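What follows is the residue order along each chain.
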Amino acid sequence: MNIVILTGAGISAESGIRTFRDEDGLWEGYSVDQVATKLGFGANPELVNRFYNLRRRQLAEVVPNAAHTALVELEEKLGNGFLLITQNVDDLHERAGSHRLIHMHGELLKSRCTWCEIISPCDGDLHATDSCRKCRRDMGMRPDVVWFGETPYELDRIGKALESADIFIAIGTSGIVEPASRFSIKAKVYGAKTIEVNLNETSKTSEFDEIIRGPASETVPALVSRLLQS
């Protein structure tokens, strides 16, 4: 059996990570153009890096929840029949123990040089004056986060996984952001059963075969238990 899982902000929100789209979310006080576009970075790289520095520091204050650990259990049972795709840039899946994982929107704990594109680990603060360890140019170090207008990572690999999936599960994702909003339909076209796990109805709810409502920390462990039993 092949199971592909997509996780969004909802699974991390229960661990205390603020989401991007809630009223008290990460964009509060800033426009998307300021902190999540290449133009915003070019206009004020120090502001953008400071914004993500605060997000990176927050990771030290949170821990994975029961939903994260349940997905690890499923991965351990399925092996290569399991793929976890996350829209989240935090490291909670890794800290829970996930390995077959794609960060399609990048990672807070990595930096990227806008000049030479090298990606490096980053567990501290980034500043506009930092120099790239490879090309040595400064004023170009940014978080390795996919901003609006940029192409998410590993779309070819994701597409192949969706084509071979027996079950596709979307957990805590709004269904708004492209191209992830199209994953359920693609998986369904190729014969997968689709399951939505979310607190609330989303714009994509009608596309799913099964709907599960409730907090991820409660619903995901129950779903994983059912899948393992079957």
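Residues numbered from 1 in each chain as written. Predicted model: local features only at pLDDT ≥ 70, side-chain atom pairs only at ≥ 80, totals over all residues. Heavy atoms only, no water.

What is the right way to read the UniProt feature "binding site: substrate" (unreviewed entry) in the chain from this model?
Within this numbering scheme, the UniProt entry marks Tyr 52 and Arg 55 as carrying the feature "binding site: substrate" (unreviewed entry). Take Tyr 52: it is sitting in helix H4 (residues 45-58). Of the polar contacts made by the side chain of Tyr 52, one reaches the backbone oxygen of Val 35; its length is 2.7 Å. Mapping Arg 55 onto the fold places it in helix H4. Looking at Arg 55, the relative accessible area reads 10%, which means it is buried. A polar side-chain atom of Arg 55 sits 3.0 Å from the main-chain carbonyl oxygen of Phe 51. (UniProt positions renumbered as here; feature names shortened; annotations may be inferred. Helix = DSSP H or I, 4+ residues; strand = E, 2+ residues; numbered from the N terminus. Polar contact = N/O pair within 3.5 Å; in protein donor to acceptor, adjacent residues only side chain to side chain. Buried < 20%, exposed > 50% of the residue type's maximum accessible area, 1.4 Å probe, protein only.)

Teacher, can you tell me more about helix H9 (residues 216-229) here?
Helical geometry: 3.6 residues make up each α-helical turn, so side chains three or four residues apart lie on a common side. Over its 14 residues, H9 extends 19 Å from the first C-alpha to the last, a length consistent with the 20 Å expected when each residue adds 1.5 Å. For H9, the full list of buried residues reads Ala 216, Thr 219, Val 220, Leu 223, Val 224 and Leu 227. Down the axis of H9, the sector holding all buried residues measures 130°, keeping them to one side. Facing away from the buried side of H9 by more than 90 degrees, the exposed set consists of Glu 218 and Gln 229. Buried residues along H9 sit against strand S1 (3-7), helix H1 (9-13), helix H5 (66-78), strand S7 (167-171), strand S8 (193-198) and strand S9 (210-213). (Expected span 1.5 Å × (residues − 1). Arc of directions from axis to C-beta. Contact = heavy atoms within 4.5 Å.)

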